[in-house]
Amino acid sequence: MNYPEQVKSFLWSDISKMSECPERFAKNPYADFSRKRKLDFENLMRFLISMESGTTEHELLKYFDYDINNVLSNSAFYQQRKKLLPDAFAHLLFQFNSHFPFEKYRGKYQLAACDGSEFNIARNPDDPDTFHPSNGKSTRGFNMIHTISFYDILNKRYLDCIIQPGRKKNEFRAICDLIDRYSYEDNPIFIADRGFSSYNFFAHAMEKGVFFIVRAKDINVKRLLNLKELPDHLDTDVDIILTRTQSKNKRQRPEQNEQYRYIGSEVSFDYIEPKSTTEYPMHLRIVRFEVAEGVYENIITNLPDDEFSPGEIKQLYHMRWSIETSFRDLKHTIGTINFHSKKVEYIEQEIWARLILFNFCAIITTHVLIKRKDTKYVYQVNFAMAMKICHHFIRLQQGETPPDVEGLIGSYMLPIRPGRVYAREHRFQRPAGFGYRFS
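### Some points on the packing of aromatic side chains
A ring pair, where both rings are aromatic, is described by two values, the distance of the centres and the angle of the planes.
Link 1 in the chain: For the structure on display, the rule yields 29 aromatic pairs.
Link 2 in the chain: With centroids separated by 5.5 Å and ring planes inclined at 75°, the aromatic side chains of phenylalanine 96 and phenylalanine 100 adopt a geometry described as edge-to-face.
Link 3 in the chain: Seen from their ring centres, phenylalanine 269 and tyrosine 271 are 5.9 Å apart, and the 70° between their planes marks the pair as edge-to-face.
Link 4 in the chain: The exposure class assigned to phenylalanine 269 is buried, which follows from its relative accessible area of 4%.
Link 5 in the chain: Its relative accessible area of 28% is what places tyrosine 271 among the partly exposed residues.
Link 6 in the chain: Aromatic rings pair up to connect Phe47, Tyr63, Phe64, Phe77, Tyr78 and Tyr346 into one cluster.
Link 7 in the chain: The ring centre of phenylalanine 393 lies 4.8 Å from the NZ or CZ of lysine 8, which sits over that ring.
Link 8 in the chain: If you follow lysine 83 out to its NZ or CZ, it ends over the ring of phenylalanine 33, 5.7 Å from the centre.

### Description of the side chain of arginine 354
Link 1 in the chain: Here arginine 354 lies in helix α11 (residues 344-365).
Link 2 in the chain: For the buried arginine 354, no salt bridge is present, and the opposite-charge side chain at shortest range is glutamate 350, 5.6 Å distant.
Link 3 in the chain: Aside from chain neighbours lying at most four places away, what touches arginine 354 is Leu48, Ile49, Met51, Glu52, Leu330, Ile334, Gly335 and Thr336.

### Looking at the environment of phenylalanine 100
Link 1 in the chain: Looking at the secondary structure, you find phenylalanine 100 in the loop between α5 (87-97) and β1 (109-121).
Link 2 in the chain: According to the relative accessible area criterion, phenylalanine 100 is buried, its value standing at 7%.
Link 3 in the chain: Distance in space between the C-alpha atoms of phenylalanine 100 and asparagine 220 is 40 Å, their sequence separation being 120 residues.
Link 4 in the chain: Apart from the residues within four sequence positions on either side, phenylalanine 100 is in contact with Tyr3, Val7, Phe10, Arg157 and Ile363.

So, how was this worked out
Residues numbered from 1 in each chain as written. Predicted model: local features only at pLDDT ≥ 70, side-chain atom pairs only at ≥ 80, totals over all residues. Heavy atoms only, no water. Phe/Tyr/Trp six-rings, centres within 6.5 Å; stacked < 30°, edge-to-face > 60°. Buried < 20%, exposed > 50% of the residue type's maximum accessible area, 1.4 Å probe, protein only. Lys NZ or Arg CZ within 6 Å of the ring centre and 35° of its normal. Helix = DSSP H or I, 4+ residues; strand = E, 2+ residues; numbered from the N terminus. Lys, Arg positive; Asp, Glu negative; His and termini not counted. Salt bridge = Lys/Arg side-chain N within 4 Å of Asp/Glu carboxyl O. Contact = heavy atoms within 4.5 Å.

What follows is the structure, given as structure tokens:
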């Protein structure tokens, strides 16, 4: 058994073990998945992970190999998927990841990027949680859901995800919840953009005993350091005391008055109750460096200065960009945007299933050896082509002859051209229609 077949075997084995106790992952335990069906628990999970962007009927036909004795209606499929708890795919993601060790930075740290991404779904003005009225992006309004994910930078794998309705997205809350339930036995450094910078996030990371690197706005750093202007370069420590009261008479350390930072009652901070006089001391490190001529960025971190220089922190934050490119591959290369339902509950199932498929492709792809050549550029695997090859491979039924997956992946290489910079495009994209798909 070659490596791609081993990876596939691990995934199918995990699903098979889950099918032995489907009541753990069913909405109605001991009733759902208790009768024999063509699309039982195991086949349902496999189908959702391996399906492509065609219509549901066409995908079912392909999955059952166009067998007249296994023709399944859309209704039968939706009746089965309705029984699944969302936790089923989350459990499978963690279990599948556990089979494959993570490459570590310096052989010690796991680099986990955090960021959010939006998915436009079928228009439904009657859903107040996801519907956005007409604005500059859309004249008719649109529906959207928001995901916040942890992504392993070195191994190109998703670690965890939280899905929120577009109108109720809360990235501050999501990253705290993700950190609290982080269960991998590694030493992580969480790297996030400035949309996640908050005292609550810093405190949750410190309570968990993990490191973080977070980009911050100038105005936030000025307030943190009590400065009117920031120098071009900075690497300094700051000790602050967080409090919910503005009364100086209630402060426990009046001699350290300059270190106090007030948190209003409307601001989330899980370690001080509103109207409480409890205080929370916090030690942070602020790093500021130039990223382009005349352009400076700020980083708030708790990495020790005797182990991580400002230059290395700059490089680590730059590596965060790989989660942005992973969203492109997740959405377009393996077709996550081609949903097969209008219901948010089922869309969440498909997003989780695609995260598992993404990891399946990444585990195989990162195992492929790249032949070094005496050329101008260093080459890397064409990840988009590799995913298409792996997607085809996972769809093959038992008995079908698989291709040389690693050999095919090794045939598609791209040069690494360092220093390339592209402006990010913000474009509204309508969800793919249901009736005009064919793959």
